[in-house]
Amino acid sequence: MLLQIKNLHVAIEGKEIIKGIDLIVNEGEVHAIMGPNGTGKSTLASVIAGREDYEVTEGEIIYKGKNLLEMPIEQRAREGIFLSFQYPVEIPGVSMANFMRTALNDIRRYKGLEPLSGSEFLLKMEEKKQLVEIQSQLTNRSVNEGFSGGEKKKNEIFQMAMLEPTLAILDETDSGLDIDALRIVANGVNKLRRPDNAFIVITHYQRLLEYVTPDFVHVLFDGRIVKSGKKELALELEEKGYEWIKKEVSAL
Amino acid sequence: MEILNQSFIDTSFWEEIFSQHRSIITQYDTPWITQMRLDALEKFSSLGIPDQSHERWKNTDIRKLLTKGWTFQFKPPEKPVKVEDFFLCEVQGFDTLLITLFNGWYTYKNAPLRILPDGTVIGSLRAALVEAPEIIENYLGQKADFSQNAFASLCAAFASEGFFIYVPDGVQLQKPIQMVNVVNYSEPLLMQTRNLIIAGKGSSLQLLHCDDSNNNEAAFTNSLTEIYVGEGATVDYYKLQNINDHSVIEHNAYIYQEKQSLCNTYSINLHGGLIRNETYNYLAGRHSEGNHFGLYLMDKNQQADNLIFVDIAATDCMSYALFKGVLDDYAHGVFNGHILVRKDSQHTQAYQSNRNILLTDKALVNTKPFLEIYADDVKCSHGATVGQLDKDAMFYLRSRGIDQDNARLLLMYAFAAEVLNRINIPALKDRLDDLVKKRLRGELSICDQCVLHCKSPEKPVVFDIDLSKI
């Protein structure tokens, strides 16, 4: 068991957003979390990654047998958690090369490994760029600055490829992508799937799931997982729309 | 030489000092220059040393610093100082024409004035007063109105030495000229130096002006630089100020621009007790452009105070100013920006921005960008920010496994880089990049060598962060 979320309640500025979530993710699995806007999908992703604006009022998250909520943000990343941001942050003046090299070497130091040499690093960068079909010269560009929407999302997958996480959370990585970019992002994810890692794919639409086949689909509504199933659930949702879920929930 | 104190803020004290030393101060003067000194002294006496009731001195107490007591050195040193005793140019790919002042006096290997094959003249202002009084009289104090500026007037009265640069019409200087003021004196020394830079029609000139402490003794430098930018000429003026915590720089720059000229100034304040730069940029001719960039990285009780006054007196002019500061501990940053667009200066485009990061709640910034517009067809704006490091960016960096301290360093460096990226000399940009990185890591202290001419230069810093060094 890689990740276990138990009865998680999360509030922001006193307002409860997540109202009791239970979820188990094992190595080798892809979980899709779907649901209408404003139901807590991104909040869940942010809480796992460690964003500090949120208050966990109840419940716990166990990751690799450890209490995740006690770990600082960077330690979670060093333990293999990766969040692909819905809105990647532009950081003018920090080059992609400095950014990635600092990240990789900080992670390596945590693991007791020697830092990568300059040439090893550049080689790795080139290799991973190809994975997400990034043609442009990334090295000297500032992080996400002046990137198009699609480039930003590809850049998230590129970073994921560089850092080789154990648990990757893709927060609406598909939103705003044209079909080519979507295919590239999905290919990237598929190439990075391994028996010893796992993905949580948060999405509003079913279309990414045509390319990245989930093992499980969960529907998040009003801060709770109201329905879980296999990949067929995504198709059903697409067909019937979220109104169907809303009706089912209110009927309970 | 005696050390004085309280009297330093009395105008009568300065008048007395002047009359006591008049024969030395005016030794090389033409009658015209002497008259100019007397006029300036009179101006100074009527203005007095500014106190904090002056709008432009509200946030800086210069009187307190003056009353610490200072000594003077009115005569040049008996033995000429050898530049090589202090400097050895080790900055790779950065070949400059170097001229130096040591404790306010010109030092040189050969002649006090060098005439290059293209007709460019560089050297000592004192020598130029003797050799080329007609050029001096055409420019010195002629293009700058500092009648309301007490320190500039004081400097004009007293200064007998400084840098002189004359670039003839049409000459494009290939090498930057580097003017270095080094201070190394056994007592707290007050120096007044005056620089005159003339860039002829269509010429281009890159200037680097460094102020460096060579020991840990206090020094007070009051200097006045006049830059004349001829029609269609381009001047880049880099000020790099790196002095010890006890020292003060009060620098006034007056820049006069003819039509279609371009002047970029850069003020990089890395270290110093008080660094105050006043830049007065007069855009006299159409289609001229004056841009001003600044970066101050201060900690402990250091203070950086930058004032930019851009007077736009012609149509179709442009001016852009960007000043950024990172302030740690109890450090204090002051920014005063003032753009004056005169009535007929239509189609002006002017923008001023001052952005600050405070790393502690004891650090302080006073910022005041100000627009004064009398023309009706202009595009002008200004803005100022004071804040902490961007929380979202911090989260993004840390979410990739980057240590909190390293994330802060990356963001601070990125913040500073916006200014550094404006530097037009690649080798200088690289060197300043290294210095800024070291400064942000807390590794740059005032070494006893000039930062650009270390006798034992350290290896260039590569920015792959080593946690053990933080």
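If you're wondering where the values come from, they're calculated on a predicted model, not measured in any experiment.

Visitor: Would you take a moment to explain the overall build of chain B for this structure?
Guide: The number of helices and strands found in chain B is 9 helices and 20 strands. The proportion of buried residues among the 470 residues of chain B is 61%. Roughly 18,000 Å² of accessible area belongs to chain B as shown, and the carbon and sulfur atoms make up 47% of that amount.

Visitor: Before we go on, may I ask you to explain the overall build of chain A in this structure?
Guide: If you tally the helices and strands in chain A, you get 8 helices and 12 strands. Dimensions of chain A along its principal axes, counting C-alpha atoms only, are 60 × 40 × 35 Å. Taking all contacts inside chain A whose residues are at least 6 apart in sequence as the whole, residues at least 24 apart take part in 68%. For chain A, the computed accessible surface area is about 10,900 Å², with 48% contributed by carbon and sulfur atoms. Across chain A, 32 positive and 39 negative side-chain charges occur, with their mean positions spaced 2 Å apart.

Visitor: In this structure, what is going on with helix H8 (residues 242–251) of chain A? I would like to understand it.
Guide: Every α-helical turn comprises 3.6 residues, leaving residues that sit three or four positions apart pointing alike. Residues and elements named next belong to chain A. Considered for burial, the residues of H8 that qualify are Tyr242, Trp244 and Ile245. The buried residues of H8 occupy an angular sector of 150° when projected down its axis, which confines them to one face. Opposite the buried face of H8, by more than 90 degrees, sit the exposed residues Lys247, Ser250 and Ala251. On its buried face, H8 sits against strand S3 (30–34), strand S10 (198–203), strand S11 (216–221), strand S12 (224–229) and helix H7 (232–240).

Visitor: Help me understand the interface of chain A and chain B in this model?
Guide: For interface size, the figure often reported is the accessible area lost on association. At the interface, 33 residues of chain A touch 23 residues of chain B. For the chain A face of the interface with chain B, the top three residues by lost area are Ile73, Glu74 and Thr102 of chain A, together amounting to 19%. Our count for the chain A to chain B interface comes out at 6 salt bridges. Taking the shortest distance from any N to any O, the salt bridge between Glu156 of chain A and Arg400 of chain B comes out at 2.7 Å. At the boundary of chain A and chain B, one finds 12 residue pairs in polar contact (both at pLDDT 80 or more). Secondary-structure elements contributing two or more residues to the side of chain A that touches chain B are helix H2 (73–78), strand S6 (81–84), strand S7 (91–95), helix H3 (96–110) and helix H5 (149–163) of chain A. Considered class by class, the residues forming the side of chain A that touches chain B number 18 nonpolar, 6 polar and 9 charged.

Visitor: What exactly am I supposed to notice about the packing of H3 of chain A against H5 of chain A here?
Guide: Residue and element names in this part refer to chain A. The geometry of H3 relative to H5 is characterised by a closest axis approach of 10 Å and an angle of 35° between their N-to-C directions. In the packing of H3 onto H5, the handedness of the crossing is right-handed. In this structure, H3 uses Met96, Phe99, Met100, Ala103, Leu104 and Ile107 to contact H5, whose residues at the interface are Asn155, Phe158, Gln159, Met162 and Leu163. Residues of the contact of H3 with H5, tallied by class, amount to 9 nonpolar, 2 polar and no charged.

Visitor: Got a minute to help me understand the sheet that holds strand S4 (residues 121–124) of chain B in this structure?
Guide: Residues and elements named next belong to chain B. A sheet is described by the order of its strands in space; here 10 strands give the open sequence S3-S4-S5-S7-S9-S11-S13-S15-S17-S19, paired in mixed fashion. Strands at the two margins of the open sheet, each flanked by one partner only, are strand S3 (113–115) and strand S19 (364–373). The average undirected angle you get between the axes of adjacent strands in this sheet is 5°. Each of strand S7 (189–199), strand S9 (219–229) and strand S11 (248–257) touches helix H6 (residues 150–158); the most contacted strand, S9, lies at about 90° to it.

Visitor: Would you mind showing me how to read the nonpolar core here?
Guide: One recurring pattern in soluble globular proteins: nonpolar side chains tend to sit buried together. Grouped together as the largest cluster of nonpolar side chains are 128 residues, with contacts concentrated most on Ile48 and Ile200 of chain A. Element by element, the count of residues in this core is highest for helix H8 (residues 404–420) of chain B, at 12 residues. In this structure, Ile48 of chain A is in contact with Leu3, Ile5, Ile61, Leu68, Arg76, Ile81, Ile169 and Ile200 of chain A, ignoring residues within four places of it in sequence. Among the nonpolar cores identified, the runner-up in size contains 40 residues, and Leu66, Ala157, Phe220 and Phe309 of chain B belong to it.

Visitor: Could you clarify how one ought to interpret the side chain of Glu226 of chain B in this entry?
Guide: All names here are of chain B. Tracing the backbone through its elements, the reader meets Glu226 in strand S9. Engagement of the side chain of Glu226 in a polar contact is seen with the backbone nitrogen of Gly141, the distance being 2.8 Å. Reaching out from Glu226, the side chain makes a polar contact with the side chain of Arg194 at a distance of 2.6 Å.

Visitor: Looking at this structure, how should I read the environment of His251 of chain B?
Guide: Residue and element names in this part refer to chain B. The residue His251 is located in strand S11 in this model. Of the residues examined, His251 reaches a relative accessible area of 1% and is grouped as buried. Separated by 24 residues in sequence, His251 and Ile275 place their C-alpha atoms 8.1 Å apart. When neighbours within four sequence positions are excluded, His251 is seen to be in contact with His209, Ser223, Thr225, Tyr237, Lys239, Arg276, Asn277 and Glu278. Reaching out from His251, the side chain makes a polar contact with the side chain of Thr225 at a distance of 2.7 Å.

Visitor: When you look at the confidence of the model for chain B in this model, what are you seeing that I'm missing?
Guide: Close inspection of predicted coordinates is inappropriate in any region flagged by low pLDDT. All names here are of chain B. For chain B, per-residue confidence averages 89 on the pLDDT scale, and 90% of positions sit at 70 or higher. Across residues 446–470, confidence stays below pLDDT 50; counting only partners more than four residues off in sequence or on other chains, it has 69 contacts. Both scores are available for the predicted complex, with the pTM at 0.83 and the ipTM at 0.96.

Visitor: Can you help me understand helix H1 (residues 41–49) of chain A in this one?
Guide: Residues and elements named next belong to chain A. Among the 9 residues of H1, 8 are classified as buried, and the element is accordingly described as predominantly covered. Turning to H1, its buried residues number three or more, namely Lys41, Thr43, Leu44, Ala45, Ser46, Val47, Ile48 and Ala49. Gly50 occupies a position one or two residues after H1 and carries a positive phi of about 105°.

Visitor: How should I be thinking about the packing of aromatic side chains in this particular structure?
Guide: How two aromatic rings sit relative to each other is given by the distance of their centres and the angle of their planes. Residues and elements named next belong to chain B. All told, the structure shown has 28 aromatic pairs over all chains when counted by the stated rule. A ring pair is formed by Phe72 and Phe74, whose centres lie 5.2 Å apart and whose planes are at 20°; its orientation type is stacked. Judged on exposure class, the residue Phe72 and its partner Phe74 are both buried. Residues Tyr228 and Tyr256 carry aromatic rings whose centres are separated by 5.9 Å and whose planes lie at 15° to one another, so their mutual orientation is stacked. Linking Tyr228 in strand S9 with Tyr256 in strand S11, this pair joins segments that are 28 residues apart in sequence. By relative accessible area, which is 12% here, Tyr228 ends up buried.

Visitor: What is the right way to read the sheet that holds strand S14 (residues 289–298) of chain B from this model?
Guide: Sheet strands pair by backbone hydrogen bonding; their relative direction is either parallel or antiparallel. Residue and element names in this part refer to chain B. Taken in spatial order, the 10 strands of this open sheet run S2-S1-S6-S8-S10-S12-S14-S16-S18-S20, and their pairing is mixed. Looking at strand neighbours, the two that pair on one side only are strand S2 (105–107) and strand S20 (379–387), the edges of this open sheet. On average, each strand axis in the sheet is inclined to that of its neighbour by 10°, with strand direction left out of account. Where strand S16 (residues 318–327) lies against strand S18 (residues 349–358), 10 bridges are found, and the strand directions are parallel. The partner of Leu327 across the bridge, within S18, is Leu358.

Definitions and limits used
Residues numbered from 1 in each chain as written. Chains lettered and ligands numbered in written order. Predicted model: local features only at pLDDT ≥ 70, side-chain atom pairs only at ≥ 80, totals over all residues. Heavy atoms only, no water. Helix = DSSP H or I, 4+ residues; strand = E, 2+ residues; numbered from the N terminus. Buried < 20%, exposed > 50% of the residue type's maximum accessible area, 1.4 Å probe, protein only. Areas by Shrake-Rupley, 256 points an atom, 1.4 Å probe, with all protein chains shown as cover. Contact = heavy atoms within 4.5 Å. Lys, Arg positive; Asp, Glu negative; His and termini not counted. Charge placed at Lys NZ, Arg CZ, Asp CG, Glu CD. Arc of directions from axis to C-beta. Buried area = accessible area lost by both parts, 1.4 Å probe. Salt bridge = Lys/Arg side-chain N within 4 Å of Asp/Glu carboxyl O. Polar contact = N/O pair within 3.5 Å; in protein donor to acceptor, adjacent residues only side chain to side chain. Nonpolar A, V, L, I, M, F, W, Y, C, P; charged D, E, K, R; others polar. Axes fitted to C-alpha atoms, helices over the stretch in contact; angles between N-to-C directions. Left-handed = near helix turned anticlockwise from the far one by under 90°. Pairing = 2+ DSSP bridges. Core = buried A, V, L, I, M, F, W, Y, C linked by side-chain atoms within 4.5 Å. pLDDT = per-residue confidence, 0-100. Phe/Tyr/Trp six-rings, centres within 6.5 Å; stacked < 30°, edge-to-face > 60°.

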